Number of protein chains: 6
Amino acid sequence: MKSKLIIPWENRPDGSNDIMWRYSKNPVVGRYDIPSSNSIFNSAVVPFEDGFAGVFRCDNKSVQMNIFAGFSKDGIHWEINHDPIEMVAGNTSMIDSDYKYDPRVCWIEDRYWVTWCNGYHGPTIGIAYTYDFKTFHQCENAFLPFNRNGVLFPEKIDGKYAMLSRPSDNGHTPFGDIYISYSPDMKYWGEHRCVMKVADFTKSAWQCTKIGAGSVPIKTAEGWLLFYHGVINTCNGFRYSMGAALLDLENPDKVLYRSQDYLLAPAAPYELAGDVPNVVFPCAALTDDDKVTVYYGAADTVVGISFGYISEIIEHLKQKSL
Amino acid sequence: MKSKLIIPWENRPDGSNDIMWRYSKNPVVGRYDIPSSNSIFNSAVVPFEDGFAGVFRCDNKSVQMNIFAGFSKDGIHWEINHDPIEMVAGNTSMIDSDYKYDPRVCWIEDRYWVTWCNGYHGPTIGIAYTYDFKTFHQCENAFLPFNRNGVLFPEKIDGKYAMLSRPSDNGHTPFGDIYISYSPDMKYWGEHRCVMKVADFTKSAWQCTKIGAGSVPIKTAEGWLLFYHGVINTCNGFRYSMGAALLDLENPDKVLYRSQDYLLAPAAPYELAGDVPNVVFPCAALTDDDKVTVYYGAADTVVGISFGYISEIIEHLKQKSL
Amino acid sequence: MKSKLIIPWENRPDGSNDIMWRYSKNPVVGRYDIPSSNSIFNSAVVPFEDGFAGVFRCDNKSVQMNIFAGFSKDGIHWEINHDPIEMVAGNTSMIDSDYKYDPRVCWIEDRYWVTWCNGYHGPTIGIAYTYDFKTFHQCENAFLPFNRNGVLFPEKIDGKYAMLSRPSDNGHTPFGDIYISYSPDMKYWGEHRCVMKVADFTKSAWQCTKIGAGSVPIKTAEGWLLFYHGVINTCNGFRYSMGAALLDLENPDKVLYRSQDYLLAPAAPYELAGDVPNVVFPCAALTDDDKVTVYYGAADTVVGISFGYISEIIEHLKQKSL
Amino acid sequence: MKSKLIIPWENRPDGSNDIMWRYSKNPVVGRYDIPSSNSIFNSAVVPFEDGFAGVFRCDNKSVQMNIFAGFSKDGIHWEINHDPIEMVAGNTSMIDSDYKYDPRVCWIEDRYWVTWCNGYHGPTIGIAYTYDFKTFHQCENAFLPFNRNGVLFPEKIDGKYAMLSRPSDNGHTPFGDIYISYSPDMKYWGEHRCVMKVADFTKSAWQCTKIGAGSVPIKTAEGWLLFYHGVINTCNGFRYSMGAALLDLENPDKVLYRSQDYLLAPAAPYELAGDVPNVVFPCAALTDDDKVTVYYGAADTVVGISFGYISEIIEHLKQKSL
Amino acid sequence: MKSKLIIPWENRPDGSNDIMWRYSKNPVVGRYDIPSSNSIFNSAVVPFEDGFAGVFRCDNKSVQMNIFAGFSKDGIHWEINHDPIEMVAGNTSMIDSDYKYDPRVCWIEDRYWVTWCNGYHGPTIGIAYTYDFKTFHQCENAFLPFNRNGVLFPEKIDGKYAMLSRPSDNGHTPFGDIYISYSPDMKYWGEHRCVMKVADFTKSAWQCTKIGAGSVPIKTAEGWLLFYHGVINTCNGFRYSMGAALLDLENPDKVLYRSQDYLLAPAAPYELAGDVPNVVFPCAALTDDDKVTVYYGAADTVVGISFGYISEIIEHLKQKSL
Amino acid sequence: MKSKLIIPWENRPDGSNDIMWRYSKNPVVGRYDIPSSNSIFNSAVVPFEDGFAGVFRCDNKSVQMNIFAGFSKDGIHWEINHDPIEMVAGNTSMIDSDYKYDPRVCWIEDRYWVTWCNGYHGPTIGIAYTYDFKTFHQCENAFLPFNRNGVLFPEKIDGKYAMLSRPSDNGHTPFGDIYISYSPDMKYWGEHRCVMKVADFTKSAWQCTKIGAGSVPIKTAEGWLLFYHGVINTCNGFRYSMGAALLDLENPDKVLYRSQDYLLAPAAPYELAGDVPNVVFPCAALTDDDKVTVYYGAADTVVGISFGYISEIIEHLKQKSL
C-alpha cells in the first residue's frame, strides 16, 4: 500500500538488554479519549493512505463493547470516531451482533479484513471487509460459538484464506489453544488444525493457562512471525503476557520456534492497575524493514506500544525456544 | 433404499396414553454383548440391504470409547463386530482420533455418512462415509473443538449439506444449544445459525441445562421431525430425557413446534441405574409409514428402543409446544 | 377436628428393632398417578372431614412444579385432582408464582394453612389458607428469597404465628439451617432466631450439609416433635435422610433433644433410584394417640409412609441426642 | 433538621462533561485515621446539629469489622471515635453481633436509624436508632440471613417503614438484586417486592453480576433518587461502580429511570489499588438544594466523595435509561 | 500362620471368560448386619487361628465412621463385634481419632498391623497393631494430613517397613496417585516415591481421575500383586472400579504391569445402587495357592467378594498392560 | 557464627506507633536484579562469614521458579548469582525437581539447611544442606506431596530435628494450617502434630483462609518467636499479611501467644501492585539483640524488609493474643 512508511519508533533505552521495550510516553490512547468511552484497549492498526487507520475497542460507560474506526498520521496521535462502526451486508444478511470486541485488521490482496470477537449467542469470530474504513461489509461468522482471537494471515496459503483462532467457552475460559482453519471463500471454513497449545507449567508458566493469537502474522524469510498472548492463573487472577512464535511459511500449523521467555509482561503502572490488572494483550504490529512496533491493550483500559527488531526477536526465539 | 421395510415394533400397551412407549423386552443390546465391551449405548441404526446396519458405541473394559459396525435382520437382534471400525482416508489424510463416541448414521444421495464425537484435542464432530459398512472413509472434522452431537440432514438443503451440532466445552459441559451449519462439500462449513436453545426452567425444566440433536431428522409433510435430548441438572447429577421438534422444511433453523413435555424420561430400571444413572439418549430412528422406532442409549450402559406414531407425535407437538 | 381418626398403620415387622419402619406396600402414591405427572412426592396430608385431604407436589412431564389437592378415605388410596390448585387473593393481590413445590399443610384455629416453596424471583415461602381444599387464598410471601421448607406451628405461640424455615440460595444450596420467625398477622414477619444448625461431620454426618423442617410440629407433653430432613454431600451427590427433634413448648427456638441417629434413610429400592436417587424427605405426619405415620417423598419420584410410636421416638431422642 | 446546610462541595472541573466528579483532595478519610484501623470505608454521614455525624466502617488490624460514630463540622474533616458503637436494647434483647459493616444512616420523623450488615449466623440487616450518636438502641434484625445493603426510606410510605435490601448468600455472592420490604413497626417485615435486577450483560455490563442500594433515597419532585452500586465479574475479580435510579414516589418498587451508564467507576489510584482493588461503593449522600455530595468507599480501604447536581443526574437518567 | 487355608471360593460360571467373577450369593455382609450399622463396607480380612478375622468399616446410623473387629470360620459368614475397636497406646499416647474408616490388615513378622483412614485434623493414615484382634495398640499416624488408602507390604523391604498411600485433600478429592514410603520403625517415614499415577483418559478412562491401593500386596514369583481401585468422574459422579498391578519385588516403586482393562466394575444391583452408587472398592485378598478371593466394598453399603486365579490375572496384566 | 552482627536497621519513624515498620528505601531487591529474572521475592537470608548470605526465589522470564544463592555485606545490597543453585546428592540420589520456590535457610549445629517448596509430582518440602553456599547437598523430601512452607527449628528439640509445614493441595489451596513434624535423621519424619489453625473469621479475618510458617523461629527466653503469614480470601483474591506467634520452647506444638492483629499488611505501593497484588510474605529474620529485621516478599515481585523490637513484639502478642 505504502511505499515508505514511518512507523512509531523509539530506540532501545540505554543499558537495556530487553528484546522488546515500551514507548516512554505510553499509553498512546487513554481510557477517556472519546466522550463515551470507559476504556480503549485491545485495538488494531494498519498503514492506510498516507498514515494509519485502526479499529479500536472502546467500551462505553455502560461497559458495552464495540469497535470504532480511527485515523492517525503518525500512529501515536489518534482521532477515533465517536460512533461505532455500522456494518452493511457483506456475504450475509445476518449482521447483528450482541457485542463486538478485540478487533484485528488484515490487508489481503485488495481490501482490509477486520476480524473480532462477535456476540452471536456467545462469543465467536466476526468478519468484515472495508476499502476505506468508512463502509464495512459484515460477512458470515467464521465459526460456531465459542471462539475468540480470530486472526487472519495477510495472504492466501495454498489458495485459501487462513485464520488462527482460539476455541473458548462462554465464560472467562480457563483454557485455550491456538488453531488454524482454512476457507476457499471467507464463508465456509474447514481443515482445522491445532497449531500450538498451552505450555507446561514447569517449562513456561506465563503461558500455561491459555494462549491466543495477537497480531496479524508478519511474513519473514524464516517464517510467519506471530505475536501472541499467554496467560497464567495466579491466586489473584489471570495475568496476560506477550510472546512470539515463528510458523512455517507453507504449513503454518507447524511451529518452528516459540517463546519460552515472554517478550513483555505487566510491569508498568498502566499495565498493573486498571479495569483488569496485569494485562498485556497484543493486537497489531507495524513494520518498517527490521523494525516492528506492537500495539497492545494494557490492563483492559488503555493502548500501549512496544518496539523491537524482527531479526533480534527471531534470533531470540531460535536461542530459547519452547 | 428399501422398498418395504419391517421395522421393530410393538403396539402401545393397553391402557397407556403415552405418546411414545418402551419395548417390553428392552434392552435390545446389552452391556457385554461383545467380548471387549463394558457398555454399548448411544448407537445409530439404518436400513441396509435386506435388514439393518448400525454403528455402535462400545466402550471397552479400559473404558476407551470407540465405534463398531453391526448388522441385524430385524433391528432387535444384532451382530456387532468385535473390532472397532478402521478408517481409511476420505477427503483428508488426518484420520487419527483420540476417541470416538455417540455415532449417528445418515443416508444422503448415494452413501451412508457417519458422524460422531471425535477426539481431536478435545471433542469435535468427526465425519466418514461408507457404502457397505465395511470400508469407512474418514473426512475432515466439521468444526473446531469443542463440539458434540453432530447430526446430518438426510438430503441437501438449498444445495448444501446441513448439520446440527451442539457447541460444548472440554468437560461435562453444563450448557448447550443446538445450531445448524452448512457445507457445499462436506469439508468447509459455515452459515452457522442457532436453531434452538435450552428452555426456561419454569417452562420445561427437563431441558433447561442443555439440549442436543438425537436422530437424523425425518422428513414429513409438515417439517423435519427431530428427536433430541434435554438435560436437567439435579442436585444428584444430570438427567437426560427425550423430546421432539418440528423444523421448517426449507429453513430448518426455524422451529415450528417443540416438546414442552418430554416424550421419554428415565423410569425403567435400565435407565435409572447403570454407569451413568438417569439417561435416555436418542441417536437414531427407523420409520415405516407412520410408525417410528427410536433407538436410545440408556444409563450410558445399554441400548433400548421405543415406539410411536409420527402423526401422533406431531399432533402432540402442535398441541403442547414450548 | 376429628373425634377419632383411623390413620394408616402397620405394626412393626417381627424381629425389627427399628424406631420407625416402612409401610410394606410403599409407595402409596406412584409417579404417574395422575395423567400429567412425571413424579409425585414431597407432599402433605391432614385429617379432613371423614378422611384425609392433602396437597401434593406433582411435577408434570414438562417438569414444571406445581401443587395439587387430593383426597382419601384411608390415607393410602388417594384421589388427586388432575389440575393444580388455583389461588385467589388472600391478604395480597400478588398471587403469581413461577413455580410451587414441597407443600406443607397446617390447621390453625379455624382453617388450613398451606405453605410451600414459591417461585418469586427465586424460591421463597408461599402461604395460602383454605377451609375446604377447594378455594385457596394466597397471602404475602413470608420472606425475601431465597428460602425453602417453610413449616408452620399448629397454634400461635405467645400470641403470634410461628414458622420454621431454611434460608437458602438460588441453586442446589450446599448449606442450610433451620430458623424460626414470628408474625402477628401472617403478613409481616420478624424475631428471626436460629433454631438448629447442621451437625458436625464427626458427630452426625447424615445431617452435616443441610437440614430442613419436615412435618408440622406435633404437640406433646414434652415438647414440639418435629420430623426434619438432613443431608450429607457424598462424592455422588446429596443423600437425604429423616430425623426428629423435640423443641421447647414455649420457646421453640430451644432444642431439647435432637436425632443423632437418623430415623429413616434411603435403603428401599424406590428411595435408592428415581429422578433424584437417595432421597427420604418427610413433609407430613398423622397421629392417633401414640401412633404417628410420616409421609415422605422418595427419590423425588413417589410418596412413601413410615410408622412409629411417639413415645418411643421421644425416648430414643432422649437416649441418643446430638 | 438543619435550616441551611453547607455540604462539602467542589465545582465541576474545567473541561469536564462528567455528570459526577471526584473531590480533588480525596480520600477524605484515610485507612489509618484511627489508631486501631486497617481501613475505613463504606460509611454513612448525615447532617447533625451544626455539622455532620456519621457511622463509619472501620476494620481493625485483626480485620474485624465494626461500626464507629464520627463527627465533623464540614463533612470533610472527621473525628471518628476510637471505640466502636456499643448497643443498648431497642425493641429486642438480642443485641449481639458477630460483626457489623457497611452502615447507612437515615433520619425518620424523630430519630436517626442506622442499618448495617449484621453478623447473625451469617450476614443479615441490623437496625438501631439513636437520637444523639452516643446511645444506640439495637432492634430486631429485619430479615433472615443472608442479606446485605439494607437501606431505609427517609419517610414512611403509605404508613409503613420501607427498606431496600439485597438477598445474598453466605459467601462473596456472585448474584444479587434489590428488593423492598415494608414494616408497620420496625419489627415485623413483609410485602417483599423485587425492585430492580441486574442488567443484561449486553445492555449494561458494569451492573450485570449484582447490584445493591447505596445511599438513603433522596426525595425529589420526580421520584426517589437512589445511588446504588453495580458489579461486573471480570476475570480478575469483582469491579464495583456507582449508578443511580429514580423510583416512583408512591410505589417505590416501580423504577422510573435507571442508569445505563455508570456515574462513577474505579479509575483514581485510591480506587484501583487497596485491600480490594476496583471498588466504588456509595453509602450516603448529602444534599443542598440541587447539589448532592455522595460518600463512597474506595477499594475497601478509604472514603472518597463525589459531586453532582440532582437535576442533571435526573436529566441524565431520563436521557439514557436502562 | 495357617498350614492349609480354605478360603471362600466359587468356580468361574459356565460360559464366562471374565478374569475375575463375583460370588453368586453376594453381598456377604449386609448393611444392617450389626444393630447400630447403617452400612458395612470397605473392610479387610486375614487368616486368623483356625479361620478368619477382619476389621470392618461400619458406619452407624449417625453416619459416624468407625472400625470393628469380626470373626468367621469360612470367610463368608461373619460375626462382627457390636462395639468398635478401642485402642490402647502403641508407640504414641495420641490415640484419639475424629473418625476411622477403610481399614486394611497386614501380617508382618509377628503381629497384625491395621492401617486406616484416621481423622486427625482431616484424613491421614492411622496405624495400630494387634496380636489377637482383641487388643489394638495405636501408633503414630504415618503422615501429615491429607492422606487415604494406606496399605502396608507384608514384609520389610530392604530392612524397612513399606507403605503405599494416596495423598489427598480434605474433601472428595478429584485427583490422587499411589506413592510408597518407608520407615525403619513404624514411627518415622520417608523416602517417598511416586509409584503410579492416574491413567490418560484416552488409554484407560476408568482410572483417569484417581487411584488408590486396595489389598495388601501379594508376593508372587513375578512381583507384588496389588489390587487397586480407579475412579472416573462421570457427569453423575465418581465411579469406582478395580484393577491390578504387578510391582517389582525389590523395588516396589517400579510398576512391571498394570491393568488397562478393569477387572471388576459396578454392574451388579448392590454395586449400582446404595449410599454411594457405582462403587467397587477392594480392601483385602485371601489366597490359597493360585486362587485369590478379593473382598470389596460395594456402593459404600455392603461387602462383596470376587474370585480369580493369580496366574491368570498376571497373565492378563502381561497381555494388556497400560 | 558471628560475634557481632550489624543487621539492616532503621529506627521507627517519628509519630509512628506501629509495632513493626517498613524500610523507607524498600524494596531492597528489585524484580529485574539479575538478567534472567521476572521477579525476585519470598527469599531467605542468614548471617554468613563477615556479612550475609541468602537463598533467593528468582522466577525467570519463562516464569520458571528456582532458587539462587546471593551474598551481601550489609543485608541490603545483594549480589545474587545469575545461575540457580545446582544440587549434589545428600542423603538421597533423587535430586531432580520440577521447580523450587519459597526457600528458607536455617543454621543447625554445623551447617546451613535450606528448605523449599520442591516440585515432585506437585509441591512438597525439599531439603538441602550447605557449608558455604556454593555446594548444596540435596536430601530426601520431607513429606509426601502436597506441602508448602517447610521451616526448620534452629536446634534439635528433644534430640530430633523439628520442622513446621503446611499441608496443601495441588492448586492455589484455599485452606491450610501449620503442623510440626520430627525426625531423628533428616530423612524419616513422624510425630506430626497440629500447631495452629486458621483463625475464626470473626476473630481475626486476615488469617481466616490459610496460614503458613515464615521465618526460622527465633529462640527467646519466653519461647520460639515465629513470623508467619495469614491469608484472607476477598472477592478479588487472596491477601497475604504477616503476624507472629510465640511457641513453647520445649513443646513447640503448644502456642503461647499468637497475633490477633497483623503486624504488617499490604499497604505500600510495591505490596499493592505486582505479579500478585496484596502480598506480604515473610521468609527470614535477622536479629541483633532485641532488634529484628524481617525479610518478606512483596506482591510476588520484590523483596522488602521491616523492623521491630523482639521485646515489643512479644509484649504486643501477650496483650492481644488470639
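Residues numbered from 1 in each chain as written. Chains lettered and ligands numbered in written order. Predicted model: local features only at pLDDT ≥ 70, side-chain atom pairs only at ≥ 80, totals over all residues. Heavy atoms only, no water.

## A closer look at the relation of the copies chain A and chain B
When chain A is fitted to chain B, the residual RMSD is 0.0 Å, and the transformation amounts to a turn of 180° plus an axial shift of 0.0 Å. Classification of the inter-copy transformation places it as that of a two-fold axis. Looking at the interface residues of chain A, 100% of them are also at the interface in chain B, so both copies use one shared face. (Least-squares fit on C-alpha atoms with pLDDT ≥ 70 in both. Contact = heavy atoms within 4.5 Å.)

## Brief notes about helix α2 (residues 310–319) of chain F
Listed as buried for α2(F) are Ile310(F), Ile313(F), Ile314(F), His316(F) and Leu317(F). Projected down its long axis, α2(F) carries its buried residues within an arc of 160°, all on one side. (Buried < 20%, exposed > 50% of the residue type's maximum accessible area, 1.4 Å probe, protein only. Helix = DSSP H or I, 4+ residues; strand = E, 2+ residues; numbered from the N terminus. Arc of directions from axis to C-beta.)

## Quick look at the pattern of salt bridges
If you walk through the whole model with that rule in mind, you get 84 salt bridges over all chains. Note that Lys73(A) and Asp50(A) form a salt bridge whose closest N and O atoms lie 3.3 Å from each other. Here Lys73(A) is found in the loop between β4 (65–72) and β5 (79–80), whereas its partner Asp50(A) is found in the loop between β2 (37–48) and β3 (51–60), with 23 residues between them in sequence. You'll find Lys73(A) and Asp50(A) in the same group, each marked exposed. Between Lys187(F) and Glu191(E) there is a salt bridge, and its shortest N-O distance comes to 3.9 Å. Pair noted here: Lys187(F) is in the loop between β13 (178–183) and β14 (188–196) and Glu191(E) is in strand β14 (residues 188–196), and the two residues belong to different chains. Classification of Glu191(E) as buried rests on a relative accessible area of 13%. Here the salt bridges share partners, and the residues they tie into one network are Arg31(A), Asp275(A) and Arg239(D). (Salt bridge = Lys/Arg side-chain N within 4 Å of Asp/Glu carboxyl O.)

## With respect to the pairing of β2(A)
All names here are of chain A. With twelve of twelve residues buried, β2 lies mostly within the body of the structure. In terms of strand pairing, β2 meets β3 through nine bridges, oriented antiparallel. For proline 47, the partnering residue across the bridge sits in β3 and is phenylalanine 52. The hairpin formed by β2 and β3 contains two residues between the paired strands, and glutamate 49 there has a positive phi angle of roughly 50°. (Pairing = 2+ DSSP bridges.)

## Brief notes about the pairing of strand β21 (residues 291–298) of chain D
Regular strands have side chains that alternate between both faces of the sheet. All names here are of chain D. Burial within β21 is extensive, with seven of its eight residues counted as buried. Examined bridge by bridge, strand β20 (residues 280–288) and β21 share eight bridges and lie antiparallel to one another. Directly across from proline 282, in β21, lies its bridge partner tyrosine 296. Linking two consecutive strands that pair antiparallel, namely β20 and β21, is a turn of two residues; a positive phi of about 50° is found at aspartate 289 within it. Direction of pairing for β21 relative to strand β22 (residues 302–309): antiparallel, over a ladder of eight bridges. What sits directly across from lysine 291, in β22, is tyrosine 309. What sits between β21 and β22 in their antiparallel hairpin is a turn of three residues, with alanine 299 showing a positive phi close to 55°.

## Things to note about the environment of Ser306(E)
All names here are of chain E. Position of serine 306 among the secondary structure elements: in strand β22 (residues 302–309). With 283 residues separating them along the chain, serine 306 and tyrosine 23 place their C-alpha atoms 5.5 Å apart. Not counting chain neighbours up to four residues away, the residues in contact with serine 306 comprise Met20, Trp21, Arg22, Tyr23, Met242, Leu264, Val292, Thr293, Val294 and Tyr296.

## Let's talk about the interface of chain C and chain B
Across the boundary between the two partners, chain C contributes 21 residues, which contact 20 residues of chain B. Taken together, the two surfaces of chain C and chain B that pack against each other cover about 1700 Å², and 51% of this comes from carbon and sulfur. The largest share of the area that chain C buries against chain B comes from Lys61(C), Ser62(C) and Val63(C), three residues that together contribute 29% of it. At the boundary of chain C and chain B, one finds one salt bridge. Of the charged contacts, one joins Arg239(B) and Asp275(C) as a salt bridge, the two residues approaching to 3.2 Å between their closest N and O atoms. Put simply, chain C and chain B have 14 residue pairs in polar contact (both at pLDDT 80 or more) between them. (Buried area = accessible area lost by both parts, 1.4 Å probe. Polar contact = N/O pair within 3.5 Å; in protein donor to acceptor, adjacent residues only side chain to side chain.)

## Thoughts on the interface of chain A and chain B
Every contact between the two is made by 33 residues of chain A and, on the other side, 33 residues of chain B. In total, about 2500 Å² of surface goes out of reach between chain A and chain B, with carbon and sulfur atoms giving 60% of it. In terms of surface lost to chain B, no three residues of chain A exceed Leu144(A), Tyr188(A) and His192(A), which account for 27% of the buried area on that side. Put simply, chain A and chain B have four salt bridges between them. Here Glu140(A) ties to Arg193(B) by a salt bridge, and the two come within 2.7 Å at their closest N and O atoms.

## Some points on the packing of aromatic side chains
Within this structure, the stated rule accounts for 153 aromatic pairs over all chains. Their ring planes at 80° and their centres at 5.3 Å tell us that Phe175(A) and Phe146(B) sit as a pair that is edge-to-face. With Phe175(A) in the loop between β12 (161–167) and β13 (178–183) and Phe146(B) in the loop between β10 (136–139) and β11 (147–152), this pair bridges two chains. Side by side, Phe175(A) and Phe146(B) carry an identical accessibility label, which is buried. Judged by centre distance (5.0 Å) and plane angle (65°), the rings of Phe56(D) and Trp78(D) are edge-to-face. Separated by 22 residues along the polypeptide, Phe56(D) in strand β3 (residues 51–60) and Trp78(D) in the loop between β4 (65–72) and β5 (79–80) bring together distant segments of the chain. In terms of burial, Phe56(D) and Trp78(D) fall into one category: buried. Three or more aromatic residues link up through ring pairs in this structure, and these residues are Phe48(A), Phe71(A), Trp107(A), Tyr112(A), Phe133(A) and Phe136(A). One residue, Lys160(A), lies across the ring of Tyr182(A), its end atom 5.6 Å from the ring centre. Cation over ring: Arg111(B) sits above Tyr129(B), and NZ or CZ is 4.6 Å from the ring centre. (Phe/Tyr/Trp six-rings, centres within 6.5 Å; stacked < 30°, edge-to-face > 60°. Lys NZ or Arg CZ within 6 Å of the ring centre and 35° of its normal.)

## Here's the deal with the sheet that holds strand β20 (residues 280–288) of chain A
Residues and elements named next belong to chain A. On the basis of which strands lie adjacent, the open sheet formed by four strands has the order β1-β22-β21-β20 and antiparallel pairing. Strands with a single pairing partner mark the edges of an open sheet, and in this sheet they are β1 (21–22) and β20. Examined bridge by bridge, β1 and strand β22 (residues 302–309) share two bridges and lie antiparallel to one another. Residue pairing for β22: arginine 22 is matched across the bridge by serine 306. In the packing of helix α2 (residues 310–319) onto the sheet, contacts are made with β20, β21 (291–298) and β22, and the angle to β22 comes to roughly 80°. (Axes fitted to C-alpha atoms, helices over the stretch in contact; angles between N-to-C directions.)

## Focus on the sheet that holds strand β5 (residues 79–80) of chain E
All names here are of chain E. Across the sheet, which stays open at both edges, the four strands sit in the order β2-β3-β4-β5 with antiparallel pairing between neighbours. Of all the strands in the sheet, just β2 (37–48) and β5 have a single pairing partner and so form its edges. Pairing of strand β4 (residues 65–72) with β5, which is carried by two bridges, proceeds in the antiparallel orientation. Among the inter-strand pairings, phenylalanine 71 is bridged to a residue of β5, identified as glutamate 79.

## Examining the side chain of Thr220(A)
Residue and element names in this part refer to chain A. Tracing the backbone through its elements, the reader meets threonine 220 in strand β16 (residues 218–220). Separated by 2.7 Å, the side chain of threonine 220 and the backbone oxygen of glycine 223 make a polar contact. Beyond its immediate stretch of four places on either side in the chain, threonine 220 contacts Leu225, Leu246, Leu249, Ile310 and Ile314.

## Some words on the relation of the copies chain C and chain B
Its rotation angle being 120°, the transformation that places chain C on chain B also includes 0.0 Å of axial translation and leaves an RMSD of 0.0 Å. In symmetry terms, the pair is related by a three-fold rotation axis. With a heterologous cut-off of 20% or less, the 5% of interface residues of chain C that recur at the interface of chain B puts this contact in the heterologous class.

## Here we look at the confidence of the model for chain A
The predicted model of chain A averages 97 in pLDDT, with 99% of residues at 70 or higher. Complex prediction metrics read pTM 0.97 and ipTM 0.96. (pLDDT = per-residue confidence, 0-100.)

## Side note on the nonpolar core
By size, the foremost hydrophobic cluster in this structure holds 90 residues, and its most contacted members are Trp113(A), Leu164(A), Trp189(A), Trp113(B), Leu164(B) and Trp189(B). Setting aside anything within four residues of it in sequence, one finds Leu164(B) in contact with Asn149(B), Gly150(B), Val151(B), Phe153(B), Ile178(B), Tyr179(B), Ile180(B), Val195(B), Ala213(B), Pro217(B) and Leu226(B). (Core = buried A, V, L, I, M, F, W, Y, C linked by side-chain atoms within 4.5 Å.)

## Details of unusual backbone geometry
Cis peptide bonds are those with omega within 30 degrees of zero, and the linkage from Pro145(B) to Phe146(B) qualifies with 10°. A positive phi angle is found at Asp289(D), which is not glycine, with a value near 50°. Relative to the elements of secondary structure, Asp289(D) occurs in the loop between β20 and β21.

## Overview of the side chain of Asp102(D)
All names here are of chain D. Counting through the fold element by element, aspartate 102 comes out in strand β7 (residues 100–108). You can call aspartate 102 buried: its relative accessible area is 9%. In terms of polar contacts, aspartate 102 uses its side chain to reach the side chain of arginine 57, at 2.9 Å. Once residues within four sequence positions are removed from consideration, aspartate 102 is found in contact with Asn42, Arg57, Thr115, Trp116, Cys117 and Phe281.

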